[in-house]
Amino acid sequence: KATNTNNIKESIFTVMSKMATKYEAINLSQGFPNFDSDPDLINLVEAAMRNGHNQYAPMAGDFELRTQISLKIELLYKKIFKAETEITITAGATQAIFTAIAATIHKNDEVIIFTPAYDCYEPTIRLFGGISVPIQLRPPGYHVDWAEVEGKITSKTRMIIINSPHNPSGMIFSEKDMLQLEAIAEKHDLLVISDEVYEHIVFDGLQHYSAAKFPKLSQRTFIIASFGKTFHNTGWKLGYCVASEALMKKFQMVHQFNVFCVNHPMQKALATYLKTPENYLNLGAFYQQKRNYFLSLLKDSRFGIIPSSGTYFQLLDYSEISDEGDIAFTERLTKEYKIATIPTSVFNKEGADFKQIRVCFAKTEATLEAAAKILKSI
Ligand code: PMP
Ligand code: GLN
């Protein structure tokens, strides 16, 4: 029987992490650090539990945490989102994306996504009856052609989803990209989801242009962030969504019956931790050093490499090494070479395979060294 879950496949992150375990491979596939969160942050969680913050948080999230998020956005992007009405704490970015789509996308609404696209966008759009309209970005730059975007807009287009810094390519949107997006969204009265989970992980002196920086754009955008990426605790599954009061009202109508609220003691801990901006401002430098180290180790490998500009991912082009499709290639690397990576074609439009695999460099130096040794032998 046809249901709206037909054709939804198992996420590539489940597939590859399982395969990594089965073949005892070094796991550079699913994106997560293999080092721990700051012990001070863990102590703050313990203190919050001991101080009795063990019951439900308010529906929108702990007020102190929302206040700290508001202050962070003001500090970085010079825009005030009100803690009272414009911020909701979510169970990671995934739930925020799901909720924003559920709250706004109806049957036959078209949503423009840029492929390679993070894997939860398309199935979620489909679950609510929407239609994804993919625009394929291409190596080497993975840049958006905004004239092409304009050409895809119809009377049914309701939303554009962007993701910068971009997973998996490591590309970041320029100020000009954001201005073009703002102009198109205004002209066609579109909503936007701006997936900014890697907002603090930008390299080489480049800048992250949050949708929050663009006054008109910020009025029609759900900006989504993840603490998991920022504080090395993807397993805590905490993130947030900020949007105008009108959009946030719709968002919360869904959120209240989806989860109602999320983990309270961890929210308390994060509220205190965010009071020290150095806790997130140094993240770009931290990961840039890891990227540089990893790339220096891969210097004489046969992979084609253009350094990532942001995120903790690096693409490796294997077209000089093999003619295999990227799914077959990554399976073989896992089984034969004991290294698990992500085939990027699964994020693309059907049939687009650029012979590029994604590796996660949020790893200890020892892991990066062991991984580079294998990658150089391929
Ligand atoms: N968006 C992107 C682009 C991601 O890479 C991820 C996960 N790494 C998410 C959303 C989901 O984040 P979370 O783990 O906070 O749900
Ligand atoms: N976002 C992570 C990645 O891109 C994985 C998250 C997940 O497993 N769903 O690898």
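Residues numbered from 1 in each chain as written. Chains lettered and ligands numbered in written order. Predicted model: local features only at pLDDT ≥ 70, side-chain atom pairs only at ≥ 80, totals over all residues.

Named according to an unreviewed UniProt entry, the protein is Methionine aminotransferase originating from Ulvibacter antarcticus. Taken directly from UniProt, the Cofactor (unreviewed entry) text for the protein runs: "pyridoxal 5'-phosphate". We quote the UniProt Sequence similarities (unreviewed entry) comment for the protein here in full: "Belongs to the class-I pyridoxal-phosphate-dependent aminotransferase family." (UniProt positions renumbered as here; feature names shortened; annotations may be inferred.)

Attention shifts here to the overall build of the protein. When its secondary structure is counted, the protein shows 15 helices and 12 strands. With the principal axes as the frame, the protein shows a C-alpha extent of 55 × 55 × 50 Å. A total of 378 residues make up the protein; the buried ones form 48% of that total. Here the contacts in the protein between residues at least 6 apart in sequence split such that 73% fall between residues at least 24 apart. (Helix = DSSP H or I, 4+ residues; strand = E, 2+ residues; numbered from the N terminus. Buried ≥ 20, exposed ≤ 12 C-beta atoms within 10 Å, placed from the backbone. Contact = placed C-beta atoms within 7 Å.)

Moving on, we come to the site of ligand 1. Neighbouring ligand 1 are 13 residues; Gly92, Ala93, Thr94, Tyr118 and Ser226 lie closest to it. At 3 residues, the largest contribution of residues to the shell around ligand 1 is made by helix H4 (residues 92–104). Here the shell around ligand 1 is built from residues that sort into 3 nonpolar, 9 polar and 1 charged. (Near = placed C-beta within 6 Å. Nonpolar A, V, L, I, M, F, W, Y, C, P; charged D, E, K, R; others polar.)

The subject of this paragraph is unusual backbone geometry. Going from threonine 115 to proline 116, the amide bond is cis rather than trans, its omega being 0°. Relative to the helices and strands, proline 116 resides in the loop between strand E3 (110–115) and helix H5 (121–127). Put simply, asparagine 167 and proline 168 share a cis peptide bond, and its omega is 15°. With respect to the secondary-structure elements, proline 168 resides in the loop between strand E5 (157–163) and helix H7 (175–187).

Moving on: the sheet that holds strand E9 (residues 313–317). Strand order across the open sheet formed by 3 strands is E9-E12-E11, with antiparallel pairing between neighbours. The open sheet has two edge strands, E9 and strand E11 (342–343), and neither has a second partner. Bridge count between E9 and strand E12 (residues 356–360): 5 bridges; the pairing is antiparallel. For leucine 315, the partnering residue across the bridge sits in E12 and is arginine 358. (Pairing = 2+ DSSP bridges.)

Time to look at the domain arrangement of the protein. The assigned domain composition of the protein is domain 1 (12–30 + 282–377) and domain 2 (39–276). For domain 1 and domain 2, the distance between their C-alpha centroids amounts to 26 Å. Across the contact, 24 residues belong to domain 1 and 24 residues belong to domain 2. Listed by contribution, the elements that provide at least two residues to the side of domain 1 that touches domain 2 are helix H13 (283–297), E9 and E12. Of the residues forming the side of domain 1 that touches domain 2, the biggest block, 5 residues, is contributed by H13. Tallied by class, the residues present in the side of domain 1 that touches domain 2 amount to 11 nonpolar, 10 polar and 3 charged. (Domains from an automatic or database assignment.)

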